[in-house]
Amino acid sequence: MPPTLASLVHHSALKLTVRAGADRLDVPVRWAHVSELADPVPYMEGGELLLITALKLDAEDPEAMRRYVKRLVEAGVVGLGFAVGMNYEEVPEALVDAAESEGLPLLEVPRRTPFLAISKAVSAAIAADQYRAVTAGFAAQRELTKQALNDAPEGLLAVLAAQVDGWAALYDASGAMVATAPEWAGRRAARLTAEVERLRERPAPASAVVGGEDGDGGGGDRVELHSLGTGRRPRAALAVGTAAALGTAERYAVHSAIALLTLTTERSRSLHAAEQRLGAAVLRMLLAGEPDHARAVAGDLYGDLLDAPFRMILAESSSVSQPFGADASLVTGKPLPADTDGAPLGQLAEVVEGAAARAGESVLVVPDGERLVMLAGDGGAAVAACGEFVLGLEAARAAAAMSEAGVAGVSGGSGGSGREDDELVVGLSAPAGPIAASAAYKQAEQALSVARRRGRSFVEHEELAAGSVVPLLADDAVRAFADGLLRALREHDATGRGDLVASLRAWLSRHGQWDAAAADLGVHRHTLRYRMRRVEEILGRSLDDPDVRMELWLALKATAGVGE
């Protein structure tokens, strides 16, 4: 505790007497200052004990003392010490009345107590308080360091919360809450998610002070937010909630916690690179059909991931696809940059790894040029977080596109030209085991390809089997083939010499049943037989060939409504 007026009054060597403001002696004293100026206010900072002998004051003039004391109070002076036996034998009543009226503590200083003694007492008390703060800070640092050696951050947060007499919370790179201490602070910390997300948009290191929101036990908190990490983008964030501003000892503890949590959450670049190289090796072995070797190499880091069904995830941030292994990053295990600078692939990796860490799951993340290859447990938090993140980006892009379209419509400009090269596209395989990793990779690639072709951000392979093949015919190349295949028939029909295209569609839809197809068309079956012979003659193909029938049917589906 810093020195107070009460501690100075109780100092046995100073012999100070309280003449006014006895109920306000618990106020801290920042310094003791001597000034005989008629107006010392310009030289005050606030928090001082002002010592005077009234050398240049008319201390017996009530109006002059009222103005003088009022000015001192407005400047933040916390007390006034008046030396008797110098210019006045006792403290003038005008000064006592003015001090009582303004609520300013007034101390009588006996002649035998020099002002220097009071200044020394204040200085010594401030130094002792600072020493206690530093000592407490070092003790807190030792305890925090001891807790930081454990894997979980809860112990460190608990020590920090006790040191600041408040609560503490840790958030991951995605802004999600990882841990809190004490447990009752979870609801308070959860209210700060939006503030943490705003802090993440600022270059690290960054900090902010926010007030608590009124609600269930959350009102009145003063909360400090600090980003954690050494790159431009924070790797995590720390929140510290207290009832009042932090003191010196508490500030030491917070700074120590920031340093230790930065080391804990950031980890060394070399360790992260080694983990990704190991992950790349495990993935290569799985794709090469060597699950036993992959399991042996995975060890404790990725081993449990191979003990249950997993999903293969392929993410791409551009429209150009690269085959697996074509980029050196997969071969060397080159890690994603620590500073992703907001790139979609980097953000996705952070979200997936953060979700897996919170759920206690293993996840394998391997960069591959413009791609990200991930292995995550089926039905786990990592897969769910991946889908939510990508679909969230897709919704945000759609909203932005609508907004831009509205602005373009007002201004007369043109809208966007389609998908941006750096937009995120993700393909997800069906659940698989280590022995089927290669098939799962192909499934993820197929889902990724369909997502690109359909202009979607996220496609699961299971959707492809559950849907229809017809939407896949919307490709320009397929339409061009269909138009070329049916062009001769359409040109024949355009001359008014028959409805060959409609007849062909009816015959194929009835699986070659003459009577049923003829009934659909309202013609005799012999007429339909004649038309099908004309189709064979014009196309130069036999309708007895199932491949020909398949191609014609798909061509009709791909060009449905064209030229009819």
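1. A word on the pattern of salt bridges
Tallied over the entire structure, the rule returns 22 salt bridges. Among the charged side chains, a network of salt bridges with common partners joins Glu316, Arg371, Glu445 and Arg452.

2. Focus: the confidence of the model for the protein chain
Of all residues in the protein chain, 85% have pLDDT values of 70 or greater, and the mean over the chain is 82. Segment residues 319–342 is flagged for pLDDT under 50; beyond a separation of four residues in sequence, or across chains, it makes 61 contacts in the model. Long-range and interchain partners of residues 413–421, a stretch whose pLDDT sits below 50, account for 12 contacts in this model, where long-range means more than four residues apart.

3. As for the packing of aromatic side chains
For the structure shown, the criterion picks out two aromatic pairs. Consider the rings of phenylalanine 82 and tyrosine 88, whose centres lie 6.0 Å apart with planes at 50 degrees: the pair is tilted. By the burial criterion, phenylalanine 82 is buried, and tyrosine 88 matches it. With a centroid separation of 5.5 Å and 40 degrees between ring planes, the pair formed by tryptophan 507 and tryptophan 514 is classed as tilted.

4. Overview of the sheet that holds strand 15 (residues 458–460)
In any sheet, the strands associate via hydrogen bonds between backbone groups, in a parallel or an antiparallel arrangement. Overall, mixed pairing links the five strands, which are arranged 12-13-11-14-15 in an open sheet. The open sheet has two edge strands with one neighbour each: strand 12 (363–368) and strand 15. For this sheet, the mean angle separating the axes of adjacent strands, direction not counted, is 15 degrees. Contacts from helix 14 (residues 437–454) reach strand 11 (310–316), strand 13 (371–377), strand 14 (425–428) and strand 15 within the one sheet, and its direction differs from that of strand 11 by about 40 degrees.

5. Structural notes on unusual backbone geometry
Leaving glycine out, the prevailing phi sign among residues is negative, and the prevailing peptide bond configuration is trans. With an omega dihedral of -10 degrees, the bond running from alanine 181 to proline 182 counts as a cis peptide bond. Note on placement: proline 182 falls in the loop between strand 7 (177–181) and helix 6 (186–190). Despite not being glycine, lysine 15 has its phi angle at roughly 60 degrees, a positive value. Here lysine 15 lies in the loop between helix 1 (5–9) and strand 1 (17–20). Its relative accessible area of 47% is what places lysine 15 among the partly exposed residues. Even without being a glycine, alanine 54 presents a positive backbone phi close to 65 degrees. In this structure, alanine 54 sits in the loop between strand 3 (48–52) and helix 2 (62–74).

6. What about the environment of valine 41?
Examined against the element boundaries, valine 41 turns out to sit in the loop between strand 2 (31–34) and strand 3. Spatially, the C-alpha atom of valine 41 lies 6.2 Å from that of alanine 75, the residues being 34 residues apart in sequence. Those residues in contact with valine 41, other than ones at most four positions away along the chain, are Arg71, Leu72 and Ala75.

7. Considering the environment of aspartate 23
Counting through the fold element by element, aspartate 23 comes out in the loop between strand 1 and strand 2. You can call aspartate 23 exposed: its relative accessible area is 66%. C-alpha of aspartate 23 to C-alpha of proline 105: the two residues are 82 residues apart in sequence and 8.2 Å apart in space.

8. A short note on the side chain of arginine 531
Looking at where arginine 531 falls in the secondary structure, it is placed in helix 19 (residues 525–539). One buried charged residue, arginine 531, forms no salt bridge at all, with the nearest opposite charge on aspartate 499 at 4.8 Å. At a separation of 2.9 Å, a polar atom in the side chain of arginine 531 contacts the side chain of serine 503.

Rules of the game
Residues numbered from 1 in each chain as written. Predicted model: local features only at pLDDT ≥ 70, side-chain atom pairs only at ≥ 80, totals over all residues. Heavy atoms only, no water. Salt bridge = Lys/Arg side-chain N within 4 Å of Asp/Glu carboxyl O. pLDDT = per-residue confidence, 0-100. Contact = heavy atoms within 4.5 Å. Phe/Tyr/Trp six-rings, centres within 6.5 Å; stacked < 30°, edge-to-face > 60°. Buried < 20%, exposed > 50% of the residue type's maximum accessible area, 1.4 Å probe, protein only. Pairing = 2+ DSSP bridges. Helix = DSSP H or I, 4+ residues; strand = E, 2+ residues; numbered from the N terminus. Axes fitted to C-alpha atoms, helices over the stretch in contact; angles between N-to-C directions. Lys, Arg positive; Asp, Glu negative; His and termini not counted. Polar contact = N/O pair within 3.5 Å; in protein donor to acceptor, adjacent residues only side chain to side chain.

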